[in-house]
Structure formats: structure tokens, C-alpha cells
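# Architecture and fold: a report
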Amino acid sequence: MPCYRCGTRQADPEPGKSSPWRRGVIGEHQVLVCPACQPSALADLTRCVRCGSAYLIRRLDQVECLDCRLIRNAEPESAGPEDSDSSLAAEVARALERVLGGR
Ligand SMILES: [Zn+2]
Ligand SMILES: [Zn+2]
């Protein structure tokens, strides 16, 4: 998997050394960040809701924080553009208004 920002491919880490590349999650997708892009990537990466760490991994339908081990369910990927949620919420609010305020 290449770096999500610059497309650089990860070289095999030297034996005994851990890779300087970081894993992270953006828009519920697993990404890899090369060392050069890490400072700018921090603004993009999804943060852990509990400890604020950007060191998250996506597995199946869950996102796990590698710092505090918090596991949460990932948002469904088929949700489409972000405003679909808020328009649905507005729809519900209008319906509620009709039910509650309509008499
Ligand atoms: Zn990069
Ligand atoms: Zn955490």
C-alpha cells in the first residue's frame, strides 16, 4: 500500500527495525503515511475519540486505537457524501415537528 498523500511505496524495513511509516485511518479507510508526509497528515487523520491518538487501524468493520485499544464500529462506507446524514436528520426533525406541533 503506497503513502496516501504522495504515493510513495514503502520499502521493506531493515531487519530488526520497525518501519518509520505510520498507519492511520482517514474517512474510515486504512491508510499508510510515509515519514515525509506525517507532519501534514496529522491534520487529516481520524483521531481516537478517547485519547486523541491518530494511530488507528481499520479492521473489518471496526476501527481500533493502537494507543488505548479503544475499538469502535466503523461508519458504513456506503453512506455517501457527508451531508446525507444531516439532511436525513433534518427530515426526521421536520417529521417530528409535524407530529408534535401540528395540532
Ligand atoms: Zn508520503
Ligand atoms: Zn485511543
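Please refer to the structure placed before this passage.
Residues numbered from 1 in each chain as written. Chains lettered and ligands numbered in written order. Predicted model: local features only at pLDDT ≥ 70, side-chain atom pairs only at ≥ 80, totals over all residues. Heavy atoms only, no water.

### What to know about the coordination of the zinc ion (ligand 2)
Around the zinc ion (ligand 2), the donor atoms from the protein are Cys48 (SG), Cys51 (SG), Cys65 (SG) and Cys68 (SG), and they sit 2.3 Å away. Taken together, the four donor atoms coordinating the zinc ion (ligand 2) span angles of 105 to 114 degrees at the metal, a pattern that classifies the geometry as tetrahedral. Counting along the primary sequence, the residues that act as donors to the zinc ion (ligand 2) give the motif C-x2-C-x13-C-x2-C. Here the residue Cys48 occupies a position in the loop between α1 (38-41) and β3 (56-59), and Cys65 occupies one in strand β4 (residues 62-65), the gap between them amounting to 17 residues. Neither Cys48 nor Cys65 differs from the other in exposure class; each is buried. (Donors = N, O, S within 2.8 Å, 3.2 Å for Na, K, Ca; no water. Tetrahedral: all angles 85-135°; square planar, octahedral: opposite > 155°, others 65-115°. Helix = DSSP H or I, 4+ residues; strand = E, 2+ residues; numbered from the N terminus. Buried < 20%, exposed > 50% of the residue type's maximum accessible area, 1.4 Å probe, protein only.)

### Some thoughts on the packing of aromatic side chains
Scanning all chains against the criterion turns up zero aromatic pairs. The aromatic ring of Tyr55 is capped on one face by Arg22, whose charged end is 5.2 Å from the ring centroid. (Phe/Tyr/Trp six-rings, centres within 6.5 Å; stacked < 30°, edge-to-face > 60°. Lys NZ or Arg CZ within 6 Å of the ring centre and 35° of its normal.)

### Here's the deal with the nonpolar core
One finds Cys3, Trp21, Val31, Leu32, Val33, Cys34, Cys37, Ala41, Leu45 and Ala54 forming the largest nonpolar core, which totals ten residues. Looking at this core, the element that brings in the most residues is strand β2 (residues 29-33), giving three residues. (Core = buried A, V, L, I, M, F, W, Y, C linked by side-chain atoms within 4.5 Å.)

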